[in-house]
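# Close look at the chain arrangement
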Amino acid sequence: MTRLRTLWHRLRVLLHKRQSDEEMNREIEQHLAGLTSRYETEGMSPEQARQAALRQFGGVEQIKERARAERVWMWPVEFSRDLRYALRMLAKNPGFTFVAVMALALGIGANSAIFSVIDAVLLRPLPYRNADQLVTVWEEATKLGFPYNTPSPANFLDWREQNSVFSGMAATADKSFNLTGSGEPERLEGERVSANLFSLLGVEPFLGRSFLPEEDSPGKGDALILSYGLWQRRFGAALDAIGKATVLNGTSYRVVGVMPQDFVLPGHKDQLWVPLAFDSKDAASRGNHYLRVIARLKPGVTMQAARSQMSIIAARLAQQYPQYNSQVGSVIRSMREEVVGDVRPALLVLLGAVGCVLLIACANVANLLLARAAVRQKEIALRLALGAGRARLVRQFLTESLLLGTLGGVFGLLLAGFGLQVLRRFIPNAILHPEAIGIDLRVFLFAILISVLTAFAFGLVPAMQALRFDLNATLKEGGRDSSPGAGHQHLRSMLIVGEIAVSFVLLIGAGLLINSFLHLRNLDPGFRSEDLLAMKVELPELKYSDQTRRSMFYEELLRRVRELPGVKSAAVASNLPLTYDGDSIDISIEGQPDAPPNERPSVITRVVGPGYFDTMGIALVRGREFTAKDDEKTVPGVVISEKTARYYWPNANPLGKRLKPGSSTSSSRWRQVIGVVKDVRQNDFVADPGLQIYLAYRQVDVFPPNALVLRTSVDSLSLGPAVRRVVQEVDKDQPVSDIRTMSEIVSAAVARQRFSMLLLGIFAAVALTLAGIGIYGVTSYSVAQRTREIGIRMALGAQKSDVLKMTVGQGLQLVIVGVVIGLAAALVLTRVMSSLLFGVSATDPMTFVTISLILLSVALTASYVPALRSMKVDPVIALRYQ
């Protein structure tokens, strides 16, 4: 029985070491031979002795089966032992554990947060059926300054009729509505859409039906489809809302359907939809561009084939209608590109940035583990001397790394969840479903994946050091901890150099974006946005169908608003700067030949009331602005921008000159230039201001005012409720909407740039912090390991300043090498950021110099603190060190 117990013990040892079946067989045969010899000494023949031994064994195969079965259940047992040991080791070093877990949490949390955004924006399929077949179609008028121009109705109808590559085409047009008749009046943003739009997208109404083809005709387009949110909020989620009459802009509509909760058109926040219903005038219009066109490719048709055919159709229309289409082509973009085109470059840059942060975190933890492995050399030596295999040690190190990675992943998810709560405030409106950005199962699995990968990434290098461990050299040290070899220290230095290089690239990217954003914010919008309150007051066409009624309303409204405490001035206008990119016309100049129709520049036209320029803070350069006397009885006047004056009268005084909308032979009235004002960024804050003219609202019937703006002496937003009351005193059915300060409007115009700058700046700051910690750690460890050397130097006469220079110099050498490598990488990698920059070159020397100085300052500080400690070394104590 003793031999059997010994055999079983040996088999368990073999199992523990994961030896082969051949070794197990040899072990069994050796013990079987021993038993046979014992029986032979008792007088048995060799054959009888072997049979007796086999009977006592109970069969070789039975023992082997037991051994194989034990292989399966010993894995979790051994892993649990490794895990318990790892927990004890981490608990013994709380400082090391805290720093390592927090470094990993920052890296994993940042990656999880950005992955959540990228998953929602770039990876998830669009919420439409077979969304990869959906495209948007635009007019291409690059020569006129509109590479993606909104199509005219007549061009859209011809495209739809003549193409054979699309299974369907639909058009949409922005439309605002005053909802009245029940409850408080409300201004709603909506769309006029082709009857086939929802079926084209493959989206069925949640309740009711879609539009019928016959409802897309003049006089029959009284059907109404509600958004899910409007149905719940305004109709109480009542099922009998279908069929109810609803008054919009003074016209009665029938509710025929409610769209699903998550339905949204790209770039819109619509609350309702009505049929497009072109009348004969709209259907024939080629000079009025306001549609957005969505189409679905037929199965098997490629984008290239569709572009080729649409180019042929556009060329044909240019020949048929040269007055309007001679320089108009077509351009097709996938729906995905349409939705994320402006955001994709920024997100990809941010993804690269958080990847770099994770690399830096891994390098930091790997450095910590290398330092810790050097301190644990005596432990490793003892374990090897007692029979532990090197593979067993590697597994133990990786288990500790996996535990660190798991803890980092847990805290990283917590940081990501908190960060996303803050991040949502800065997400640009271009993102289709910002509510989908959060910690869900996909983000959770992503965090688990990168936690495991990073655990092996930062744990593998210290684990592999165990395979190259010199047992004899360590044991000869007499039981004390030995210093790491040169190769060990060289590896840690290389990791620090890599950290510095990656941090430098991140800091350069952040510096360029911050510099770019500051350039943007320092741009002059052409008006003073502070203390300026704006709101929409859009009159319904049916109730206010003529100029007289509109003028009476606005005059009474302005009279009452100007009497409110805290209001310094007030005015009305058609669309305030940075709120709308339409209302452009071409003009003719008296005494100058007309340019061909398709070569006339578009001129942004705004219709304003008296006091508008003073209220907005738009500087008057010469002449005068509109007054109450500029009405339908006086000579029509026009105020132009400086750029318009330079373009049409480069060497003359424009005051007194005349212009008119359209060609010089049109029936429009000539208008006299009465003033010149400063250029205003009307449509795009980033782009240079275009040509602009202003008309008096009492002298025109087009582009009626829809906005009210107030210059205040108190908190602007505090006046919103008072102004709303005044509007409803003038007309109880007139809603007020979109109450915002002009500062908010300007801020929203640079939301994408701020989003990129903010996030990359945060990630760069994290990278800089981690790099500083890494430099501090390496320098501190070097000081600790060189205590005897420092003591000897000081005993031989070295001054404290010499020790300081030696210690700080070591850290600075690593930083300088890292900066040089990072500089070379940054010169290449920052070029991909060119599309995100404004007013700054991707190789801006000032940014590169500034970031280099910042990084060197951080490195100097991180090296100086442990260097001070080295100056305080007592030579007597140091000589007895270790």
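Before reading on, note that the structure itself is shown above.
This report concerns the structure included in the present document.

Each value, and the rule that gives it
Residues numbered from 1 in each chain as written. Predicted model: local features only at pLDDT ≥ 70, side-chain atom pairs only at ≥ 80, totals over all residues. Heavy atoms only, no water. Helix = DSSP H or I, 4+ residues; strand = E, 2+ residues; numbered from the N terminus. Buried < 20%, exposed > 50% of the residue type's maximum accessible area, 1.4 Å probe, protein only. Areas by Shrake-Rupley, 256 points an atom, 1.4 Å probe, with all protein chains shown as cover. Expected span 1.5 Å × (residues − 1). Contact = heavy atoms within 4.5 Å. Pairing = 2+ DSSP bridges. Salt bridge = Lys/Arg side-chain N within 4 Å of Asp/Glu carboxyl O. Patch = residues over 30% accessible without salt bridge, like charges linked within 9 Å, V, L, I, M, F, W, Y side chains within 5 Å.

A few words on the overall build of the protein. The helix and strand tally for the protein stands at 28 helices and 23 strands. When burial is assessed residue by residue, the protein has 50% of its 882 residues classed as buried. Total accessible area on the protein stands at roughly 40200 Å², and carbon and sulfur atoms take up 58% of it.

It is worth spelling out helix α10 (residues 303-320) at this point. With 18 residues, α10 should reach 26 Å at 1.5 Å per residue; the first-to-last C-alpha distance of 26 Å fits that figure. What α10 keeps buried is the set A306, Q309, M310, I313, A314, L317 and A318. The elements touched by buried residues of α10 are β1 (134-141), α6 (153-162), β3 (166-180), β10 (292-297), α11 (322-325) and β11 (329-334).

So, on to the pairing of strand β6 (residues 223-226). Judged by which residues are buried, β6 turns out to be covered on both faces: A223 and I225 on one side and L224 and L226 on the other are all buried. Strand direction decides the pairing type here: β6 and strand β8 (residues 251-258), joined by 4 bridges, are parallel. Note on β8: the bridge partner recorded for A223 is R254. Bridge count between β6 and strand β9 (residues 272-275): 2 bridges; the pairing is antiparallel.

A separate point is the side chain of S210. Mapping S210 onto the fold places it in the loop between β5 (207-208) and β6. Apart from residues no more than four positions distant in its own chain, S210 is found in contact with F198, P205 and I225.

What follows concerns the pattern of salt bridges. Scanning the model with the defined rule gives 28 salt bridges in all. When the shortest N-O distance is used, the salt bridge between E556 and R560 registers 2.7 Å. Here the residue E556 and the residue R560 both occupy positions in helix α19 (residues 547-562), the gap between them amounting to 4 residues, near one helical turn. In this structure R560 comes out as partly exposed when scored by relative accessible area, which is 27%. A single salt-bridge network, built from bridges that share partners, covers E556, R559, R560, E563 and E729.

What follows concerns a nonpolar patch on the surface. Taken together, the side chains of L441, F444, L445, I448, V452 and F456 present a nonpolar region at the surface, about 540 Å² in accessible area. With respect to the secondary-structure elements, L445 resides in helix α16 (residues 441-467). L445 gets classed as partly exposed once you look at its relative accessible area, which sits at 47%.

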